[in-house]
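Structural overview
This is what each chain is made of:
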Amino acid sequence: EEEFKWLLEEEVHAVLRQLQDILKEASHRFALPTSGSGGAFKQENFVLSTSSTDQVKGVMTLQGDALCQADVNLKMPRNNQLLHFAFREDKQWKLQQIQDARNHVNQAIYLLMNRDVNYQFKTGLEVLKLMDAVMLQLSRARNRLTTPATLTLPEIASSGLTKMFTPALPPDILVNFYINLNKLCLTVYQLHVLQPSTTKNFKPAGGSVLHNPGATFEFGSQRYEVSHVHKVECVVPWLNDALVFFTVSLQLCQQLKDKISVFSSYWNYGPY
């Protein structure tokens, strides 16, 4: 009983403080202010490429949760023609995954801090409920980075992203940006128009993170088939940090839950 009392009065608060510190570090990774700039997000440049092919290269500028600049070079396989597209200067693309992950982290911090300094936990159940609520937010934050949205090809074609480039993307090119774990990814789809007379069995592709060559879809009044897919990516170091902080925090929450559960089962089933 004395040990359990000590756990509730001392150790729980020590763990909560530790969690707050780790999650504040995670939160700072999502919004890195530059020194002396009034809290504006730092701009970071990333080169997206792949060792296996030089068909696509991209240089992206990431500022917090926004891609504020993008330059994409695409070598067309049929004629080796080089195409170049860049974001219009008045445009930036919000990465919803980063925005959502940051919101979940901040919600977890709020849950940890939302009590008086001298607050004392009365029961193990109270601590378990708090840990479950914090773990839910952390799992959601992690899942937003580890699980990109599945989109259909018409959804990619009609997304606002296609209208952000100058010169305008040709109708046979689609692009998509997303976060996968600690990487910023760019996928470029090259399409060819299916003639109405084609005997090919037309079956529109469903939602996917990455569509393969041969996938077909209808957009506007045209039917298309994906002929080539190019995926390039690069590691974003601070996303890597954030994922490590999430893992450590979830482990801390689980360890505290396990300790509480051991005591609780002793009271439930042990000697009276």
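Because the structure is a prediction, the values reported are computed rather than measured. (Residues numbered from 1 in each chain as written. Predicted model: local features only at pLDDT ≥ 70, side-chain atom pairs only at ≥ 80, totals over all residues. Heavy atoms only, no water.)

**Overview of the packing of helix α1 (residues 2–30) against helix α2 (residues 96–113)**
- Running from N to C, α1 and α2 point in directions that differ by 155°, and their axes come no closer than 9 Å. As the angle between them shows, α1 and α2 are arranged roughly antiparallel. Handedness of the α1/α2 crossing: left-handed. Counted together, Leu16, Leu19, Gln20, Leu23, Lys24, Ala26, Ser27 and Phe30 of α1 and Ile98, Ala101, Arg102, Val105, Asn106, Ala108, Ile109, Leu112 and Met113 of α2 form the full contact between these two elements. (Axes fitted to C-alpha atoms, helices over the stretch in contact; angles between N-to-C directions. Helix = DSSP H or I, 4+ residues; strand = E, 2+ residues; numbered from the N terminus. Parallel < 35°, antiparallel > 145°, perpendicular 65-115°, else oblique. Left-handed = near helix turned anticlockwise from the far one by under 90°. Contact = heavy atoms within 4.5 Å.)

**A look at the pattern of salt bridges**
- Summed over the entire model, instances satisfying the criterion amount to ten salt bridges.
- The shortest N-O distance in the salt bridge between arginine 223 and glutamate 218 comes to 3.5 Å.
- Residue arginine 223 is classed as partly exposed on the basis of its relative accessible area, which comes to 37%.
- Across the salt bridge formed by glutamate 233 and lysine 231, the nearest N and O atoms sit 3.4 Å from each other.
- Among the residues examined, glutamate 233 registers a relative accessible area of 27% and is labelled partly exposed.
- Accessibility expressed as a relative area gives 31% for lysine 231, which makes it partly exposed. (Salt bridge = Lys/Arg side-chain N within 4 Å of Asp/Glu carboxyl O. Buried < 20%, exposed > 50% of the residue type's maximum accessible area, 1.4 Å probe, protein only.)

**Thoughts on the confidence of the model for the protein chain**
- Summing up the model confidence of the protein chain, the mean pLDDT is 88 and the portion of residues at 70 or higher is 92%.
- Across the protein chain, the secondary-structure element scoring lowest on mean pLDDT is helix α5 (residues 237–269), at 87, and the one scoring highest is helix α4 (residues 153–158), at 96.
- Low pLDDT (under 50) marks residues 33–38, which in the prediction has five contacts with non-local residues, meaning those over four places away or in another chain. (pLDDT = per-residue confidence, 0-100.)

**Focus: the sheet that holds strand β7 (residues 173–180)**
- Sheet architecture is open: four strands sit in the order β7-β8-β10-β9, paired in antiparallel fashion. Here the strands that pair on one side only, and so sit at the sheet edges, are β7 and β9 (216–219). Looking at each pair of strands side by side, their axes are set apart by 40° on average, direction ignored.
- In this structure, β9 lies alongside strand β10 (residues 222–235), joined through four bridges in antiparallel fashion. Bridge assignment links glutamate 218 to a residue of β10, and that residue is arginine 223. (Pairing = 2+ DSSP bridges.)

**As for the packing of aromatic side chains**
- Counted according to the given criterion, the structure contains seven aromatic pairs.
- With a centroid separation of 5.7 Å and 75° between ring planes, the pair formed by phenylalanine 30 and tryptophan 238 is classed as edge-to-face. Of this pair, phenylalanine 30 sits in helix α1 while tryptophan 238 sits in helix α5, and the two are 208 residues apart along the sequence. Across this residue pair, the class does not change: phenylalanine 30 and tryptophan 238 are buried.
- Summarising the aromatic geometry, the rings of phenylalanine 87 and phenylalanine 177 are spaced 6.1 Å apart at their centres and angled 85° between planes, so their arrangement reads as edge-to-face. Here the residue phenylalanine 87 occupies a position in strand β4 (residues 82–87), and phenylalanine 177 occupies one in strand β7, the gap between them amounting to 90 residues.
- A relative accessible area of 5% places phenylalanine 177 in the buried class.
- Each member of the aromatic cluster is reached from another via a ring pair, and the members are Phe85, Phe87, Phe165 and Phe177.
- The cationic tip of lysine 122 hangs over the ring face of tyrosine 119; the distance from NZ or CZ to the ring centre is 5.7 Å.
- The positively charged end of arginine 223 is found above the aromatic ring belonging to phenylalanine 202, 3.9 Å away from the centroid. (Phe/Tyr/Trp six-rings, centres within 6.5 Å; stacked < 30°, edge-to-face > 60°. Lys NZ or Arg CZ within 6 Å of the ring centre and 35° of its normal.)

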